[in-house]
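Coordinate analysis (summary)
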Amino acid sequence: MPNKKIIVLGGGTAGWMSALIFAHAWIKKEFEITLIESKDIPVIGVGEGSTPALKTFFKKLNIAESEWMGQCNATYKTGITFNNWSTKPGFESYFHPFPSQLDDKFTSAFYFNTQVRRKGSDVVAHPNDFFFAHYLAKNNLAPIADYNFPFETEYGYHFDSHLLGQFLKNKALAMGIKYQQSKISSAELKPDGNIKHLISEDSQIFQADFFIDCSGFNATLIDKTLKVPFVDYSNLLFNNAAVAISTPKQTILKSETTSSALKNGWAWKIPLTNRTGNGYVYSTDFCSPDLAETELRLQLNLLDADVEAKHLKMRVGRRESHWYKNCLCIGLSQGFIEPLEATALFLVQQTAAIFVDEFEKGQFTPKNQIIFNANINQYFDGIRDYIVTHYKTNSRKDTQYWRENAANPHLISDSLKNIYSCWGKGENLTAQLNRQNVDKYYTSMSWHCLLSGMGLFPDSTTLQRPQPHEVQIRMDSIKAFYSRCALNYKTQNEFLEKR
Ligand SMILES: Cc1cc2nc3c(=O)[nH]c(=O)nc-3n(C[C@H](O)[C@H](O)[C@H](O)COP(=O)(O)OP(=O)(O)OC[C@H]3O[C@@H](n4cnc5c(N)ncnc54)[C@H](O)[C@@H]3O)c2cc1C
């Protein structure tokens with residue numbers, strides 16, 4: 001059994017999640033895991049929404065929702081509503097749902113209808129009408145049914161990122177992970193380019209066999225020490241800043257994130273049990289931080305209120321390699337695709353979990369480094385393409401920001417070109433995604449929801465009456481079915497209060 005020393009540099013969500021994933025896999029193999037963080041460098045302190053993958057993380061670590069959710073002021077998330085990204089009549093808002101077993105009956109009807117509408121017939125093809133999670137979100141319901149209703153609906157969470165970090169830290173310490181406060185100023189390399197040890201501001205030396213860089217946008221090891229190049233996404237994704245403001249909690253807690261397009265970006269609204277998280281993600285090429293703050297304050301009716309706004313910068317892109325020499329970067333140090341679909345923690349989880357697999361398969365040598373890096377890069381690029389599509393397909397004309405996004409000449413991967421072409425020609429999108437093997441980053445359901453939710457259909461004035469064979473389902477039957485199913489769910493307020 002190997003006996004290795006691992007240092008995780010950074011105590012943000014990425015650092016603690018990674019440390020826990022490694023401890024879960026390896027602490028019994030006599031690995032010694034130490035997490036080092038600087039008390040002078042704060043964590044980024046945003047990142048309050050997740051995908052359903054976070055549920056798997058807690059499940060693997062055997063941590064019950066009843067244990068962590070209350071401590072992190074967490075709520076359930078059934079999906080994301082996108083407001084005002086499209087100006088197409090009837091498509092000004094759509095919901096990107098997390099999947100439910102109840103959808104199975106209607107998903108193929110949705111795909112069928114989107115294809116019929118793309119070919120010019122007037123059938124209902126708005127995603128909201130077909131997915132159960134939308135019924136949950138619309139009625140502020142939590143996604144967990146009464147015990148006698150045996151259908152699963154996937155869900156994610158909203159949470160306070162500071163409290164989540166604290167919770168994970170306590171768990172990690174209880175699992176035997178060592179903890180040290182120290183500000184790392186440099187690292188010494190061995191002749192072969194591997195990291196020998198880290199050196200702190202007060203000249204302490206920290207030696208290990210392997211180093212995990214979770215130092216956030218600082219990227220202390222992967223960038224400053226090892227100089228691994230950064231693959232910039234900013235010509236595809238313009239946003240490079242955000243401003244965040246908290247407001248009081250919602251009386252009726254919603255079970256969805258809201259993403260509303262504003263003049264130069266989009267604003268999130270995230271319901272927690274004690275407050276609401278709000279923020280505006282924008283591009284400083286089109287809008288100053290002051291203007292962005294004013295626009296967000298106007299949105300929130302807080303123009304003259306004495307409420308603090310937190311300004312952040314972000315860099316979108318990814319490292320060329322995430323595992324280089326004896327260093328792996330995870331979290332913001334490895335890259336960031338902007339927070340539109342709340343995928344950052346999912347990527348943290350994936351990176352750590354796939355690394356565990358590949359490091360083990362390669363007998364704890366760099367044997368599988370190339371496979372690993374290619375795999376993680378594909379995740380980043382695959383998710384990027386899905387996010388880029390929100391911007392590329394927007395139909396707003398009100399500001400230069402939106403017009404330039406739609407007209408962005410820098411496009412786009414071959415994969416995206418094929419997806420757009422397939423959609424435009426009325427071909428089978430699921431088959432296209434399968435052919436490209438990109439449905440593991442975003443599923444066919446997500447792609448169908450995005451492209452139809454943005455209203456990418458022939459102009460409604462040109463649509464023809466559908467032929468009999470083009471009418472596969474009665475919309476009122478879906479509504480009646482989901483309405484009856486929804487009776488088995490409690491509201492988010494009720495569910496969390498009873499817990
Ligand atoms: C506007 C915005 C919104 C976001 N929304 C979401 C979301 O909804 N969902 C989601 O999943 N993600 C979201 N994210 C991303 C999410 O915030 C991060 O992925 C997550 O918080 C992990 O950050 P991190 O741990 O990599 O970095 P950080 O939180 O920045 O932590 C860095 C750590 O490294 C330490 N450190 C740095 N340098 C040194 C040094 N030299 N010596 C010692 N210690 C050092 C710091 O002390 C700190 O502990 C969002 C990000 C932004 C910018």
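Reading the values: rules and limits
Residues numbered from 1 in each chain as written. Predicted model: local features only at pLDDT ≥ 70, side-chain atom pairs only at ≥ 80, totals over all residues. Heavy atoms only, no water. Buried < 20%, exposed > 50% of the residue type's maximum accessible area, 1.4 Å probe, protein only. Helix = DSSP H or I, 4+ residues; strand = E, 2+ residues; numbered from the N terminus. Pairing = 2+ DSSP bridges. Right-handed = clockwise from strand over helix to strand, strands pointing away. Arc of directions from axis to C-beta. Contact = heavy atoms within 4.5 Å. Core = buried A, V, L, I, M, F, W, Y, C linked by side-chain atoms within 4.5 Å. 1 Å grid on protein atoms, 1.4 Å probe; cavity = no way out; pocket = protein on both sides within 12 Å on 5 of 7 lines; lining within 4 Å. Points joined across faces, edges and corners; volume = space filled by probe spheres on them. Nonpolar A, V, L, I, M, F, W, Y, C, P; charged D, E, K, R; others polar. Domains from an automatic or database assignment. Salt bridge = Lys/Arg side-chain N within 4 Å of Asp/Glu carboxyl O. Polar contact = N/O pair within 3.5 Å; in protein donor to acceptor, adjacent residues only side chain to side chain. Phe/Tyr/Trp six-rings, centres within 6.5 Å; stacked < 30°, edge-to-face > 60°.

Of all five residues in strand 1 (residues 5-9), four are buried, a share of seventy percent or more. Where strand 1 and strand 2 (residues 32-37) come together, five bridges link them in parallel fashion. Following the sheet pairing, Val 8 is matched in strand 2 by Leu 35. Crossover strand 1 to strand 2 through helix 1 (residues 13-26) is right-handed. Judged from the four bridges that link them, strand 1 and strand 12 (residues 210-213) form a sheet pairing that is parallel. Note that in strand 12 the partner of Ile 6 across the bridge is Phe 210.

Moving on, we get to helix 12 (residues 414-424). Within helix 12 the residues assigned to the buried category are Ser 415, Leu 416, Ile 419, Cys 422 and Trp 423. When helix 12 is viewed along its axis, its buried side chains cluster within an angular range of 130° and face the same direction. Facing away from the buried surface of helix 12 by more than 90 degrees, the exposed residues are Asp 414 and Gly 424. Of the surrounding elements, those touching the buried residues of helix 12 are helix 4 (104-118), helix 10 (369-392), helix 13 (429-436) and helix 14 (444-453). Among the residues trailing helix 12, Gly 426 stands out with phi positive, at a value near 75°.

Right, let's get into the nonpolar core. Grouped together as the largest cluster of nonpolar side chains are 103 residues, with contacts concentrated most on Phe 22 and Trp 68. Among the nonpolar cores identified, the runner-up in size contains 21 residues, and Tyr 135, Leu 141, Met 445 and Ala 486 belong to it.

According to the stated counting rule, one finds two cavities of 30 Å³ or more in the structure shown. What the largest cavity holds in volume is close to 70 Å³. Residue lining of the largest cavity: Gly 331, Leu 332, Gln 334, Gly 335, Phe 336, Ile 337, Glu 338, Thr 343, Ala 344, Leu 347, Val 348 and Phe 380, and that is the complete set. Where the lining of the largest cavity is concerned, the elements lending two or more residues are strand 22 (335-336) and helix 9 (344-361). Looking at the lining of the largest cavity, the element that brings in the most residues is helix 9, giving three residues. Among the residues forming the lining of the largest cavity, the class breakdown is seven nonpolar, four polar and one charged. Lining the second largest cavity, in full, are Phe 217, Phe 230, Arg 315, Arg 319, Leu 332 and Ser 333.

Domain annotation for the protein reports domain 1 (5-48 + 160-234 + 316-382), domain 2 (87-152 + 413-486) and domain 3 (241-313). Between the C-alpha centres of domain 1 and domain 2 the distance comes to 37 Å. Contacts between the two partners involve five residues from domain 1 and, on the opposite side, four residues from domain 2. Our count for the contact surface shared by domain 1 and domain 2 stands at zero salt bridges. In this structure, the connection of domain 1 to domain 2 is made through two residue pairs in polar contact (both at pLDDT 80 or more).

This part takes up the packing of aromatic side chains. Counting across every chain of the model gives 52 aromatic pairs. Between Trp 68 and Tyr 157, the ring centres sit 4.8 Å apart and the planes meet at 80°, which makes this aromatic pair edge-to-face. Of this pair, Trp 68 sits in helix 3 (residues 65-71) while Tyr 157 sits in strand 7 (residues 156-158); the two residues are 89 residues apart in sequence, bridging distant segments of the chain. Pair check on accessibility: Trp 68 and Tyr 157 agree, each one buried. Summarising the aromatic geometry, the rings of Phe 346 and Tyr 379 are spaced 6.1 Å apart at their centres and angled 65° between planes, so their arrangement reads as edge-to-face. Of this pair, Phe 346 sits in helix 9 while Tyr 379 sits in helix 10, and the two are 33 residues apart along the sequence. In terms of burial, Phe 346 and Tyr 379 fall into one category: buried.

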